[in-house]
Protein chains: 2
Amino acid sequence: MKFTLRQLHIFLAVAKYQNISRAAESLHISQSAASEALNNLEKSYNVCLFNRQKNKLSLSPIGQTLRIEGESLWAHCQSFDNRLTNHNEMGHIKVAASFTIGNHLATRYLGGYLNQFPGANVQLETANTPEVIAKVLNYDVDIGMIENEVQEKDLELIPWREDELVVFCAANHPLARKKRLEDKDIREAKWILREPDSGARQTFEKALSNLLPKIQIYLEFKHNEAIKNAVESGLGIGCLSRIVLNKNFANGDLIPLTLPNRDMKRTFYFALPKQRYHLSAVDAWMNTCVETDITDMAKPQDT
Amino acid sequence: MKFTLRQLHIFLAVAKYQNISRAAESLHISQSAASEALNNLEKSYNVCLFNRQKNKLSLSPIGQTLRIEGESLWAHCQSFDNRLTNHNEMGHIKVAASFTIGNHLATRYLGGYLNQFPGANVQLETANTPEVIAKVLNYDVDIGMIENEVQEKDLELIPWREDELVVFCAANHPLARKKRLEDKDIREAKWILREPDSGARQTFEKALSNLLPKIQIYLEFKHNEAIKNAVESGLGIGCLSRIVLNKNFANGDLIPLTLPNRDMKRTFYFALPKQRYHLSAVDAWMNTCVETDITDMAKPQDT
DNA sequence: ATGGCTCTACCGGTATTTCCGATAGTACAA
DNA sequence: TTGTACTATCGGAAATACCGGTAGAGCCAT
């Protein structure tokens, strides 16, 4: 065992920033210390972790794979550190969730989780799907929660619940009286949608792929609330996850519309870095999510 | 991250030997260094790993669980260390197998494994079942291979192949002409068996439990070869795994006897310490074992 | 009891490691 | 060419680890 945890930590930081100076800064040590530690690590194993061409660092192929494994090992160490510091695992965790999930579902999960780990420090960030994935891949968060399947090696997807998009309009919108929308309605409507990177938009486009070129996208927003407000003002019709609309449907502010033969179902996934070890808090978080969903099934939906 | 790998290593050694002096010796450091490192670890986390009563050390409850997790973490570190030293995993591994498995099966697995990892250092030890289990639990070996299910928390059992015991006698033995043994024959025979701790003996006793008090155990040996020789000399009849007898049946030195309605089947298990992480070499070993078995199925059995 | 044995904890001095600031050298862009 | 951003290296200071020696506590046989 010729390496130290300090060297591992520095290696991972440098791999993350691809830059010794930034890495040193993030670790609150001097640039020279970081450089030296990295050199010692490479020298003692006679291995080349980074390509040092033109005064620029980039991970070597070996460094690539060792980074993955090192990240896994570091998580393992942190877990051990946790167990040492507070002998009954506090459950600290960092979660990144897509907007829809983060603002409407994760908040409820949070309650159950904090109930389980009263002292836990849970950091919940919301972002759109690509950003969530980037955070997971860069080990900025312990787990991501996204709304669609995504192709990405180094990422492990675990499905955890079903969802469905619903097309809707304002109560006083002409379409509100129609039970079912025909293709003609779909083509003629003014659509107010999420941005193309969003999970909701992608599911929408898949479900309406044959009509897609003819659809008028009238407005695009990055946030569900903006879309709901715009639709409620009568500017057009929208398409969002049922979970963000339930309350409005109950109030009568917004009216659900049905599209025959269009499959708007989708699956929510946990996104984890594809590595063997992850914090036990991550397991606990996933368990809390599915259990909260199960108990919520029994009660009438809201939120 | 307030601990170092050195502290972890020392903690695990002390936990293993329950004795600082021995642990220090095994690590080739002075007793004072080990003591100091352990104290620093405990002090920096403000945790009590050992009960220090009467100048004797014993693992505290927290120490118990942390030892398990620490051992897992250490294995993870070793794996990482391996990857660093020889960038393509050499597959070093220590295996403990029961006599029957170690002498007749593991030797064949060894070939396939070394083919996969040409530079690997594989240490294969044979011992009886309780000794194998002890070695696994004490982390003296990476994996154990045993012939029977065994009750032991902290041990994970993974079944990997079926086996069957066969009763047999010498070619010139009076029973050799009989196709099937009746209970009378079983009672009157002079049995030559393995010692009670062995897997073969336990399966034997389970299969013949109703007749057990009346069975004459004439001789007991710790090694299969001794039993085969004794039976071949006409001293009595034996009961061993088919895998150690195939060659003798083919030669005609020994004759298989059938016992109607007696279930002599059993399952071979891998025995691992119940911890989350183990060396990837362990996975490779298990894979090699099952694959070797599969390819051997096609060919006629020997050995 | 008493002396010998074994074990852990502590101390002082030494050796090693780690850290920082300063500095040299290299690419690149203005 | 100059300025900026970056990495590698050096010397000295600070922190840490190590060892041998030793004190003190239990245990056991005499």
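Cut-offs used in this document
- Residues numbered from 1 in each chain as written.
- Chains lettered and ligands numbered in written order.
- Predicted model: local features only at pLDDT ≥ 70, side-chain atom pairs only at ≥ 80, totals over all residues.
- Heavy atoms only, no water.
- Helix = DSSP H or I, 4+ residues; strand = E, 2+ residues; numbered from the N terminus.
- Buried < 20%, exposed > 50% of the residue type's maximum accessible area, 1.4 Å probe, protein only.
- Polar contact = N/O pair within 3.5 Å; in protein donor to acceptor, adjacent residues only side chain to side chain.
- Contact = heavy atoms within 4.5 Å.
- Buried area = accessible area lost by both parts, 1.4 Å probe.
- Salt bridge = Lys/Arg side-chain N within 4 Å of Asp/Glu carboxyl O.
- Least-squares fit on C-alpha atoms with pLDDT ≥ 70 in both.
- Axes fitted to C-alpha atoms, helices over the stretch in contact; angles between N-to-C directions.
- Parallel < 35°, antiparallel > 145°, perpendicular 65-115°, else oblique.
- Left-handed = near helix turned anticlockwise from the far one by under 90°.
- Nonpolar A, V, L, I, M, F, W, Y, C, P; charged D, E, K, R; others polar.
- Domains from an automatic or database assignment.
- Core = buried A, V, L, I, M, F, W, Y, C linked by side-chain atoms within 4.5 Å.

Trainee: When you look at the side chain of Asp163 of chain A in this model, what are you seeing that I'm missing?
Mentor: All names here are of chain A. The residue Asp163 is located in strand β6 (residues 155-170) in this model. For Asp163, a relative accessible area of 6% gives the class buried. In this structure the side chain of Asp163 is engaged in a polar contact, spanning 2.9 Å, whose partner is the side chain of Ser241. Setting aside chain neighbours within four positions, we find Asp163 in contact with Ser241, Arg242, Ile243, Met264, Lys265, Arg266 and Phe268.

Trainee: Explanation requested: the interface of chain B and chain A in the structure shown.
Mentor: It is common to report an interface's size as the accessible area lost on association of the parts. Taken together, the 32 residues of chain B in the interface contact 32 residues of chain A. Both sides together, the interface formed by chain B and chain A hides about 2900 Å², and carbon and sulfur atoms give 70% of it. Linking Glu69 of chain B and Arg83 of chain A is a salt bridge whose minimum nitrogen-to-oxygen distance equals 2.9 Å. The interface formed by chain B and chain A includes eight residue pairs in polar contact (both at pLDDT 80 or more).

Trainee: Could you clarify how one ought to interpret the relation of the copies chain B and chain A in this entry?
Mentor: Both copies of the chain are tied together by a single rotation about an axis and a shift running along it. Here chain B sits on chain A after a turn of 179 degrees about the axis and a move of 0.0 Å along it, with an RMSD of 0.2 Å. Here the copies are linked by what is in effect a two-fold axis. A shared binding surface is used by both copies, with 100% of the interface residues of chain B retained as interface residues in chain A.

Trainee: I keep staring at the packing of helix α4 (residues 61-85) of chain A against helix α4 (residues 61-85) of chain B and nothing clicks. Help me out?
Mentor: A pair of packed helices is characterised by two quantities: the angle between their axes and the separation of those axes. At a minimum axis separation of 10 Å, α4 of chain A and α4 of chain B run at an interaxial angle of 160 degrees. It follows that α4 of chain A is roughly antiparallel to α4 of chain B by the angle criterion. When you trace α4 of chain A past α4 of chain B, the crossing you get is left-handed. Where α4 of chain A abuts α4 of chain B, its residues Thr65, Leu66, Glu69, Gly70, Ser72, Leu73, His76, Cys77, Phe80, Arg83 and Leu84 of chain A lie against Thr65, Leu66, Glu69, Gly70, Ser72, Leu73, His76, Cys77, Phe80, Arg83 and Leu84 of chain B. Its residues assigned to classes, the contact of α4 of chain A with α4 of chain B shows ten nonpolar, eight polar and four charged.

Trainee: Would you mind showing me how to read the domain arrangement of chain A here?
Mentor: You can read the domains of chain A as domain 1 (5-85), domain 2 (93-161 + 267-297) and domain 3 (164-266). Distance between the C-alpha centres of domain 1 of chain A and domain 3 of chain A: 47 Å.

Trainee: It is not clear to me how unusual backbone geometry should be interpreted in this structure. Could you clarify?
Mentor: Residues other than glycine predominantly adopt negative phi, and peptide bonds predominantly adopt the trans conformation. Notably, Asn46 of chain B is not glycine yet its phi reads approximately 55 degrees, a positive angle. Asn46 of chain B gets classed as exposed once you look at its relative accessible area, which sits at 66%.

Trainee: Mind showing me how you'd approach the nonpolar core here?
Mentor: One recurring pattern in soluble globular proteins: nonpolar side chains tend to sit buried together. One finds Phe3, Phe11 and Phe50 of chain A together with Phe3, Phe11 and Phe50 of chain B to be the most contacted residues of the largest nonpolar core, which totals 56 residues. The contacts of Phe11 of chain A, once residues within four sequence positions are left out, are Leu38, Leu41, Leu49, Phe50, Leu59, Gly63, Leu66 and Arg67 of chain A.

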